[in-house]
Amino acid sequence: MTIAATAETLPILDFREIDGDPAQRQAFLAKLRRAARDTGFFYLIGHGIDPDFLDQLFVLSRRFFDLPETEKNAIEMVHSPHFRGYTRVGWEQTRGQRDWREQLDVGAERARVTPQPGDPAWVRLQGPNQWPQALPDLRPAILRWQQEATALAIRLVRAFAASLGQAEDVFEPIYAEKPNQLVKIIRYPGRDATESEQGVGAHKDSSFVTILLQHAQSGLQVEGHNGWIDAPPLRGSFIINVGELLEMASSGYLRATVHRVTTPPAGTDRLSIAFFLGARLDSVVPVLTLSPELAAEARGVAQDPQNPLFREVGKNYLKGRLRSHPDVARRHYADQLTAEELAKAAGPGSAY
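Residues numbered from 1 in each chain as written. Predicted model: local features only at pLDDT ≥ 70, side-chain atom pairs only at ≥ 80, totals over all residues. Heavy atoms only, no water.

## Details of the packing of helix H1 (residues 22–38) against helix H4 (residues 138–163)
Taken N-terminus to C-terminus, the directions of H1 and H4 make an angle of 95 degrees; their axes are 9 Å apart at the nearest point. It follows from the interaxial angle that H1 and H4 lie roughly perpendicular. Within the contact between the two elements, H1 uses Arg25, Leu29, Leu32, Arg33 and Ala36 and H4 uses Ala159, Phe160, Ala162 and Ser163. Across the contact of H1 with H4, the residue classes tally to six nonpolar, one polar and two charged. (Axes fitted to C-alpha atoms, helices over the stretch in contact; angles between N-to-C directions. Helix = DSSP H or I, 4+ residues; strand = E, 2+ residues; numbered from the N terminus. Parallel < 35°, antiparallel > 145°, perpendicular 65-115°, else oblique. Contact = heavy atoms within 4.5 Å. Nonpolar A, V, L, I, M, F, W, Y, C, P; charged D, E, K, R; others polar.)

## Notes on the environment of Leu254
Topologically, Leu254 is positioned in the loop between helix H6 (244–249) and strand E13 (259–262). We classify Leu254 as buried; its relative accessible area is 1%. For Leu254 and Val301, which are 47 residues apart along the polypeptide, the C-alpha to C-alpha distance reads 9.3 Å. Setting aside chain neighbours within four positions, we find Leu254 in contact with Ala36, Phe160, Leu164, Val242, Leu246 and Glu247. (Buried < 20%, exposed > 50% of the residue type's maximum accessible area, 1.4 Å probe, protein only.)

## Considerations on the pairing of E13
Residues His259 and Val261 point to one face of E13 and Arg260 and Thr262 to the other, with burial holding for every one of them. In the sheet, strand E10 (residues 220–224) pairs with E13 via three bridges, with the strands oriented antiparallel. Pairing of Val222 across the sheet is with His259, part of E13. (Pairing = 2+ DSSP bridges.)

## Here's the deal with helix H2 (residues 51–65)
The end-to-end C-alpha distance of H2, which contains 15 residues, comes to 21 Å, matching closely the 21 Å that a straight helix rising 1.5 Å per residue would cover. What H2 keeps buried is the set Phe53, Leu54, Leu57, Phe58, Leu60, Ser61, Phe64 and Phe65. All buried residues of H2 lie within an arc of 165 degrees about the axis, which places them on one face of the element. Capping the start of H2 is the job of one residue whose side-chain oxygen sits 3.0 Å from the backbone nitrogen of Asp52: Asp50. (Expected span 1.5 Å × (residues − 1). Arc of directions from axis to C-beta. Polar contact = N/O pair within 3.5 Å; in protein donor to acceptor, adjacent residues only side chain to side chain.)

## Quick notes on the sheet that holds strand E1 (residues 12–14)
Pairing between sheet strands relies on hydrogen bonds along the backbone, with the strands arranged either parallel or antiparallel. On the basis of which strands lie adjacent, the open sheet formed by eight strands has the order E1-E2-E12-E9-E14-E7-E6-E3 and mixed pairing. Every interior strand has two partners, whereas the edge strands, E1 and strand E3 (85–87), have only one. Across this sheet, the average inter-strand angle for adjacent strands is 25 degrees, counted without regard to direction. One ladder, built from six bridges, connects strand E6 (residues 102–107) with strand E7 (residues 180–189); its direction is antiparallel. Residue pairing for E7: Gly107 is matched across the bridge by Leu182. Running at roughly 150 degrees to E1, H1 makes contact with E1, strand E2 (41–45) and strand E12 (238–242) of the sheet. Relative to the sheet, H4 contacts E2, E6, E7, strand E9 (209–214), E12 and strand E14 (269–278), its axis offset from that of E14 by approximately 55 degrees.

## Concerning the packing of H2 against H4
Two numbers describe a pair of packed helices, the interaxial angle and the distance between the axes. Where H2 contacts H4, the axes come no closer than 10 Å and their chain directions differ by 135 degrees. Taken together, the axes of H2 and H4 lie oblique to each other. Classified by chirality, the crossing of H4 by H2 is left-handed. Counted together, Phe53, Leu54, Leu57, Leu60 and Phe64 of H2 and Leu138, Ala141, Ile142, Arg144 and Trp145 of H4 form the full contact between these two elements. A breakdown of the residues in the contact of H2 with H4 according to their chemical character gives nine nonpolar, no polar and one charged. (Left-handed = near helix turned anticlockwise from the far one by under 90°.)

## Remarks on the side chain of Ser250
In this fold, Ser250 is placed in the loop between H6 and E13. In this view, Ser250 contacts Leu164, Leu290 and Ala298; residues no more than four positions away in its chain are not counted.

## Some points on the nonpolar core
Membership of the largest hydrophobic core comes to 94 residues, with the highest contact counts inside it found for Phe64, Trp145, Phe160, Phe171, Phe208, Ile211 and Phe238. If one sorts the elements of this core by residue count, H4 sits on top with 13 residues. Setting aside chain neighbours within four positions, we find Phe171 in contact with Val157, Ala161, Phe208, Leu246, Ala249, Pro286 and Leu288. (Core = buried A, V, L, I, M, F, W, Y, C linked by side-chain atoms within 4.5 Å.)

## Describing the packing of aromatic side chains
The full count for this structure, using the stated rule, is seven aromatic pairs. Three or more aromatic residues joined by ring pairs form one cluster here, namely Phe64, Phe65 and Tyr86. Cation over ring: Arg144 sits above Phe53, and NZ or CZ is 3.8 Å from the ring centre. Looking at Lys315, its charged tip hangs above the ring of Phe310, at a distance of 4.3 Å from the centre. (Phe/Tyr/Trp six-rings, centres within 6.5 Å; stacked < 30°, edge-to-face > 60°. Lys NZ or Arg CZ within 6 Å of the ring centre and 35° of its normal.)

See the structure below:
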């Protein structure tokens, strides 16, 4: 049974304040630290990304999802050992329940790596994306968004570090040169209220930070202290949330928060564009030394037996991909699966 959304709201932070005078900057960092610890989610305005370009991204997203099924399925993710491409509606699950969305996953556009004997399996994750031939304008737009979102995400990671009393570049060694970048353009089709309301089930993100651009339709909900908090679209803003990398690095001071998306009503749909900035796959998440005051407020890293966390970034990221897309795992990573997992890999996967 759904817990009704509470009257709580997410805070709104203006990123322009970080470039203000010293007092304004410190006030912003205090608000950032409080938002990241209390809810792990907030709206960000003053981010500096062209709103006309963001509108064009939604136009192109709509054109992609309007393509014939044959065009979209031609770049289905099962064809990619790098977990790139199109996922049809209902082909992922969260904790055993089907997610009602279709999406296109785009990672960093890098050359495919030929694994050498003894290389870890996550080496296979690097490689090119799949692009729809019928929509050539999509590729440059998505790669531009990836570049601009990466720059914004790195500024946020540096701000999070400063808010914890650390050097701004404390995380640079694990994201420099080849950060793990992922763009998802997502469509949630509407359906009748008598059916499941799950657009995407309750989960956390594994990245440093997520930058979410929402269109007109609501649906995102964040787990609060007293129930689910609605996070409707706010024109000119992004939703920012803390990922598990920052939670692990801060010993739980920064909070990777459970969130979900509910299905829109029949006759409507919901579009969103998400960007996830992760660490380099060959890196290990450090543990920051916090001041005694902050260390006393750190709650420790959340433990979930169904979702064990590894500080080895490549190992942790591959774990999530294999669980999310067992059809890809079965075709390209059979050597990483148990006999039981191979037997289960024929159907839709688990995104959590």
